Amino acid sequence: KNDADKILDDGLQLAQARLTNENRVRYLLACIAIALVINTAVGAAISRGLVAPSGPPWLPFAIAMAAGAAGAVFSIAIGVQNLDLQPCTESVMNYLVGGLRVLTGALGGPIVLLIATRTIIGDALVKLFHVEAGADALLKTTGVVVLLAFLAGFAERLVPSLLGTITKDGPQT
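Residues numbered from 1 in each chain as written. Predicted model: local features only at pLDDT ≥ 70, side-chain atom pairs only at ≥ 80, totals over all residues. Heavy atoms only, no water.

1. Quick notes on the packing of helix α1 (residues 2-47) against helix α3 (residues 92-118)
Packing of α1 against α3 leaves a shortest axis separation of 9 Å and a crossing angle of 40°. The orientation of α1 with respect to α3, classified from their angle, is oblique. At the point where α1 passes α3, the crossing takes the right-handed sense. Here R26, Y27, A30, C31, I34, A35 and I38 of α1 lie close against α3, whose contacting residues are N94, Y95, V97, G98, G99, R101, V102, L103 and A106. Taken together, the residues of the contact of α1 with α3 sort by class into 11 nonpolar, three polar and two charged. (Axes fitted to C-alpha atoms, helices over the stretch in contact; angles between N-to-C directions. Helix = DSSP H or I, 4+ residues; strand = E, 2+ residues; numbered from the N terminus. Parallel < 35°, antiparallel > 145°, perpendicular 65-115°, else oblique. Left-handed = near helix turned anticlockwise from the far one by under 90°. Contact = heavy atoms within 4.5 Å. Nonpolar A, V, L, I, M, F, W, Y, C, P; charged D, E, K, R; others polar.)

Given below as structure tokens:
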């Protein structure tokens, strides 16, 4: 009877591992879908001229939003194997939390860009990235915008931490 129990336990463990991995894949696909919706909306706004390089200075922030969403998805993809999405915990709430993480990354990109260009932090970044015309020049350097926003999306806790630092020390203009 012990051999039969062991075989049954092994089969149950394999089935649970497979279902857990399927839940992880569905979670990741839901996060990717949310990022694609955000990036499609940003792309449509840019292509329709709603966010134009010649108009208000919104283009870098739109790019930052798309890069932030991509950074969040990359972070989720790296950590998806560590998520405890057991078969019994499959729920819509998992997908909502994943979507919220992507949305946080998408919003974090423009926020970090604002912090970088409108606070004393921007002066340090200008030196770090060898931009010569001041913090506003960071907005014109697409590579820097994408890098900052991607990192903000990747490290979704970075934005609340930066905002907490700024509010403790007072406005840095």
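2. A closer look at the side chain of S75
Structurally, the position occupied by S75 is in helix α2 (residues 59-79). For S75, the residues in contact, after removing those within four places along its chain, are R101 and F154.

3. Concerning the environment of G153
With respect to the helices and strands, G153 occurs in helix α6 (residues 142-154). A C-alpha to C-alpha distance of 3.6 Å links G153 and G105, two positions 48 residues apart in sequence.

By themselves, these figures tell us nothing about what the structure is for.
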